[in-house]
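The primary structure of each chain is shown beneath.
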Amino acid sequence: MHVSVRVGDEFAGALVFKLETDAAPRACERFASLLDPRAGAEGPAYEGTCLHRVLPGGWAQGGITVAKETRDPVPDESFAVAHDRPGVIGFANEGPHSSTAQLYITFAPQPALDTKFVAFGRLVDGLDVLRKIEGVETANGRPVQDVTIFTGGKFGL
């Protein structure tokens, strides 16, 4: 799956993820549907949403905010995908079994997340784009320029 990103008005590039469908099938299905609303998303999709939090050395977080989310939470399926490198993607949550549609992408290993957040994919291309996102100017963790998801979906790989 790919996620194309803009920083301000400039195309930053695409992040390409391999989804771990064996470890977290429901989370992967939810993510895919949010990237391509024609694939069955019920409610808002990622297109046009922002990464509202960027913590260098930590992660970026964004997508659909809790206030706009209309779907039922995805239960914690598995903690099999470790947060052991840059580019691990998962859903943020507010506690056990509360993941909905707000995503995070790690900038570095984050082992403290391993039993608290279900990761469902890994970056396979676009580390340079991830570093661009990590390097945006922030004020209190919020990007000064919008970091926007403007398209996404499956690649024919």
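Going by the structure above, here's the rest.
Along each chain, numbering runs from 1 in the same order as the chain's sequence is written. Restriction of local features to residues with pLDDT of at least 70 applies here, the model being predicted, together with a cutoff of 80 or more for giving and counting side-chain atom pairs; totals for whole chains, interfaces and linings are based on all residues. Note that water and hydrogens are dropped before the side-chain values are worked out from all heavy atoms of the structure.

### Regarding the overall build of the protein chain
Under the scheme used here, helices are H or I runs from DSSP no shorter than 4 residues and strands are E runs no shorter than 2 residues, and both carry numbers assigned from the N terminus. When you go through the protein chain residue by residue, the secondary structure sums to two helices and ten strands. The order of helices and strands in the protein chain, counted from the N terminus, is β-β-α-β-β-β-β-β-α-β-β-β. To sort residues, take the accessible area from a 1.4 Å probe on protein chains only and compare it with the maximum for the residue type: under 20% means buried, over 50% means exposed, and anything in between is partly exposed. By the burial criterion, 52% of the 157 residues in the protein chain qualify as buried. A sequence separation of at least 24 residues applies to 70% of the contacts in the protein chain between residues at least 6 apart. What sets the accessible areas is the Shrake-Rupley method with a 1.4 Å probe; for residues, cover comes only from the shown protein chains. With an accessible surface of roughly 7800 Å², the protein chain has 51% of that area assigned to carbon and sulfur atoms. The contact criterion used throughout is that any non-hydrogen atoms of two residues lie within 4.5 Å.

### Points about the environment of Glu77
You can see Glu77 is positioned in the loop between strand 4 (59–63) and strand 5 (88–91). Taking the relative accessible area as the measure of exposure, Glu77 reaches 27% and is therefore partly exposed. Sequence spacing of Glu77 and Pro25 is 52 residues, and the spatial spacing of their C-alpha atoms is 8.0 Å. Non-local contacts of Glu77, meaning those with residues more than four positions away in its chain, are made with Ala23, Ala24, Pro25, Arg26, Ala27 and Val118. Counted as a polar contact is a pair of N or O atoms within 3.5 Å, where, for protein atoms, one must be capable of donating a hydrogen and the other of accepting one, and residues adjacent in sequence contribute only when both atoms are in side chains. A distance of 2.7 Å separates a polar side-chain atom of Glu77 from the backbone nitrogen of Arg26. Side-chain polar atoms of Glu77 contact the backbone nitrogen of Ala27, separated by 2.9 Å.

### Overview of unusual backbone geometry
The residue Asn140 is not glycine, and still its phi comes out positive at about 55°. Tracing the backbone shows Asn140 in the loop between strand 8 (138–139) and strand 9 (142–143).

### Let's talk about the side chain of Thr49
Tracing the backbone shows Thr49 in the loop between helix 1 (25–35) and strand 3 (51–55). There is a polar contact of 2.7 Å between the side chain of Thr49 and the backbone oxygen of Tyr46.

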